[in-house]
Amino acid sequence: MADASNHDAFVEFERVQKSYDGENLVVKDLNLSMPKGEFLTMLGPSGSGKTTCLMMLAGFETATHGDIRLGGTSINNIPPHKRGIGMVFQNYALFPHMTIAENLSFPLEVRKLGKSEREEKVMRALDMVEMGAFGGRRPAQLSGGQQQRIALARALVFEPELVLMDEPLGALDKQLREKMQFEITHLAHRLGITVVYVTHDQTEALTMSDRVAVFEDGRIQQLAPPDKLYEEPQNSFVAQFIGENNTLEGVVKEINDGVALVQLDNGDLIDAKPINVSQPGERTRVSIRPERVEFNKDRMPEGAHTLKAEVMEFIYMGDIFRTRLRVAGKDDFFVKTRNAPDQVRLTPGQEIEIGWLAEDCRALDA
Amino acid sequence: MSDTTQNGSVLAADGTPLKRSLARALRRQKIRALLLIAPLLLFVMLTFIMPIGDMLFRSVENDIVSKTLPRTVVALRDWDANSGEAPGEEVFTALAADLQIAAEAKLHTRVGSRLNYETPGISSLFRKAGRKVKKWDVENDGPFKEQFLEIHKGWGDPDVWRTIQTYSPKFTNGYFLNAADLQKGADGPEWRPEDEQIYWLLFKRTMFMSMVITISCIVLAYPVAWILANLPARSANLLMILVLLPFWTSLLVRTSAWKVMLQQQGVINETLVWLGLVADDARLVMINNQFGTIVAMTHILLPFMILPMYSVMQTIQPTYLRAAKSLGATNWTAFWRVYFPQSIPGIGAGSILVFILSIGYYITPELVGGTKGVFISNRIAFHISSSLNWGLAAALGAILLAVVLVLYWAYDKIVGIDNVKLG
Ligand SMILES: Nc1ncnc2c1ncn2[C@@H]1O[C@H](COP(=O)(O)OP(=O)(O)OP(=O)(O)O)[C@@H](O)[C@H]1O
Ligand SMILES: [Mg+2]
């Protein structure tokens, strides 16, 4: 994947810092490079600086330090209206005093397009989001999902190459959200536009993006495609933040041939894959995905490490079963199993052995 | 559950048309709401609607003549005002009887001054006659025509009698004619002599100056409201206190301050002379004229423009401007096409407030307006407290009210009253 020195990078952040008050850095050393046509999602908890990054790219905030480049040229001194970046705001920001068609035609008017051309483009954009019949209405007369689509159409109608979206689906219900997620990715790929998308919903990030940048505390913690992010988290924040995750804490005893021997706090020993631990004696947090844990002796992988566990709770969730276990003195260890005909349903109080492959068990920073 | 009948109207669950059951449900709510506000409604009725009603009534009411001179009014009914002669003996007999009763009750002077509004000089006729008539024996002392003429030969003037006849009905449009610089002539309303026309000019001046004041308020208030709405809350509050400060000082003090500023020996003139921009013998006249009135009233009414503008602007989210800019609009286009239209309701509300307040303003024009800068309300005040012609004052007030309503209606047609927001 692209890195900061890539030459065909379309959007680049280089060592960007941002402070609002001169005391705290909201964005600390941001480096990011996106090729054309990529769908990149910024994911992170509230207050981690996602919107700030987007605003710097759009030109509504200036970077305190560093360089932002678009298509190879620095845009630090270009005013927002000359950047040609489409933007979908969190609250849509549709102009309430204009009809839908007028809203869409606004960016074309300020670009001094002719009337017939404008009307044609507006019609095409409305059809694209399947809102062709709503041109004469006011934003207040539309539902949330419809407004969202109009906001999208308005950001796309002047054919920008880069579109920024700040939690555009935040206000929608689950079903509509999923439908819109699909529609947005579909449209973005069809039109070949580059998208920077902000969300704090990890499912949204995983399902929509080519790459996800996980933000925390003003830094990108990991920038990777969704599958890598989920399966190979680089630190314990990412492991915790993306998907469900079991953690066990302990100390590294030794590291041999890419396998770390970890002594858990209750004295048990397990094997783990060292990710960001390098020396014996370091404290570590071991992370295992619930669906990678096996307790059926017949299916236990070859050479798996096992630990004793006590079943605390069995939760039926339809397609899967979630079982809560007490492992190594902690009782928030979860196992996920598929609801298959031959699947064992554990009962509370049962004593079992659980195990996993060493490479599924990642020793991360404490 | 709803159902549709053949003719397309939707039925509610119990089979009644949905429209009707909705109306019933809403009616109950409305009655409840009405009961809740009943005390307020009563208060508004008593203190607001009734005085206005009383004023409207006074502007046409005229029962003083027919009440005080009942017999005369009846006797005068057959007299032809265009005959050029005073009425006959029977009218004077009736007048003697009426006046004797009126003089006992000391009411004759009041009729006199009422009629004096219409034909100057009548009040002295009544005053003199009243004094004499008291001593007459109405049954036996006739004929009276000669005796009345002896008291004052004005009693033989057909114009005096025409006035009495014209104002004998219980209701009159005389006050309104008067308020519009008209008078009752031999054949219908006619213009008053050029030198007596005053109200028409005053109305025009009041409208024009209120308009100028409103426009200057808009121009001055818009940037202030904008700054208030866009400043961080702390500094905005501080600035807001400055805006409201004038409310805490007396109107008289503020107006007098303008006198100090604007008079020929005042601060501004002194400064200009000192700077050499104005010659010492050509000091600017800025007070006791329209200019002074406009300046002082703009200052006094400015908060009424700023406050509604501010509260509307506060609700305009900054993301709209950002959205406009991200769509390619320059700062000016973003302001003019996106921000300004959304702030119009504030301008509308402020303009209506300021215009209506200034149209009825009284103190400031009285103090700094001189003769060229007085408003119609100063004239109304004069009729209420000095000339005691309440009917005319009421008619002027009613006309003012009508003008305001017409303007309001026009505003609704042009801008739309739902486009007015106070917050
Ligand atoms: N205009 C501002 N002035 C001062 N501080 C600000 C301003 N805007 C944001 N911040 C601070 O910067 C930090 C990052 O804010 P930002 O809006 O970028 O977060 P975010 O990641 O978008 O969060 P969310 O998911 O809640 O939208 C926050 O701590 C916030 O308080
Ligand atoms: Mg945000």
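Reading the values: rules and limits
Residues numbered from 1 in each chain as written. Chains lettered and ligands numbered in written order. Predicted model: local features only at pLDDT ≥ 70, side-chain atom pairs only at ≥ 80, totals over all residues. Heavy atoms only, no water. Domains from an automatic or database assignment. Contact = heavy atoms within 4.5 Å. Buried area = accessible area lost by both parts, 1.4 Å probe. Salt bridge = Lys/Arg side-chain N within 4 Å of Asp/Glu carboxyl O. Helix = DSSP H or I, 4+ residues; strand = E, 2+ residues; numbered from the N terminus. Nonpolar A, V, L, I, M, F, W, Y, C, P; charged D, E, K, R; others polar. Near = heavy atom within 4 Å. Polar contact = N/O pair within 3.5 Å; in protein donor to acceptor, adjacent residues only side chain to side chain. Areas by Shrake-Rupley, 256 points an atom, 1.4 Å probe, with all protein chains shown as cover. Pairing = 2+ DSSP bridges. Axes fitted to C-alpha atoms, helices over the stretch in contact; angles between N-to-C directions. UniProt positions renumbered as here; feature names shortened; annotations may be inferred.

Right, let's get into the domain arrangement of chain A. Residues and elements named next belong to chain A. Considered domain by domain, chain A is made up of domain 1 (9-236) and domain 2 (244-364). On a C-alpha basis, the centres of domain 1 and domain 2 stand 39 Å from each other. Counting residues at the interface gives eight residues for domain 1, matched by eight residues for domain 2. Across the interface of domain 1 and domain 2, roughly 720 Å² is buried in total on both sides, 43% from carbon and sulfur atoms. The largest contributions to the domain 1 side of the interface with domain 2 come from Tyr230, Pro233 and Ser236, which together make up 63% of the buried area. Inspection of the domain 1/domain 2 interface yields zero salt bridges. Here the side of domain 1 that touches domain 2 takes three residues from helix α7 (residues 226-231), the largest share from any one element. Grouping the amino acids of the side of domain 1 that touches domain 2 by side-chain chemistry returns three nonpolar, three polar and two charged.

Turning next to the site of ligand 1. Residue and element names in this part refer to chain A. Residues in close proximity to ligand 1 include Tyr20, Val26, Ser46, Gly47, Ser48, Gly49, Lys50, Thr51, Thr52, Glu167 and His200, which together make up its full environment. Contacts to ligand 1 include lysine 50, whose side-chain N or O atom sits 2.7 Å from an oxygen atom. Threonine 51 has a polar side-chain atom sitting 2.5 Å from an oxygen atom of ligand 1. For ligand 1, the accessible surface in isolation is 640 Å², of which the surrounding protein chains cover 58%. By residue class, the composition of the shell around ligand 1 is two nonpolar, seven polar and two charged.

For the rest of this paragraph, the subject is the domain arrangement of chain B. Residue and element names in this part refer to chain B. Domains assigned within chain B are domain 1 (3-58), domain 2 (64-172) and domain 3 (199-419). Measuring from the centre of the C-alpha atoms in domain 1 to the corresponding centre in domain 3 gives 38 Å. The three residues of domain 1 that bury the most area against domain 3 are Met55, Leu56 and Arg58, which together make up 90% of that side's buried surface. At the boundary of domain 1 and domain 3, one finds zero salt bridges. Between domain 1 and domain 3 we count zero residue pairs in polar contact (both at pLDDT 80 or more) in total.

Bringing the sheet that holds strand β1 (residues 9-18) of chain A into the picture now. All names here are of chain A. Within the open sheet, the four strands sit side by side as β2-β1-β4-β5. Their pairing is antiparallel. Two strands in the sheet have a free side with no partner beyond their single neighbour: β2 (27-35) and β5 (73-74). As judged from the five bridges shared by β1 and strand β4 (residues 65-70), these two strands associate in the antiparallel manner. Among the inter-strand pairings, glutamate 12 is bridged to a residue of β4, identified as arginine 69. Contacting β1, β2 and β4, helix α1 (residues 50-58) runs over the sheet at an angle of about 120 degrees to β1.

To continue, consider the UniProt feature "transmembrane region" (unreviewed entry) in chain B. Residues and elements named next belong to chain B. Residues annotated by UniProt as "transmembrane region" (unreviewed entry) correspond here to residues 33-53, 207-229, 236-253, 291-312, 344-363 and 390-411. Helix makes up 95% of residues 33-53 and strand makes up 0%, while its end C-alpha atoms are separated by 26 Å. What you have in residues 207-229 is 100% helix and 0% strand, and the ends, taken at the C-alpha atoms, are 31 Å apart.

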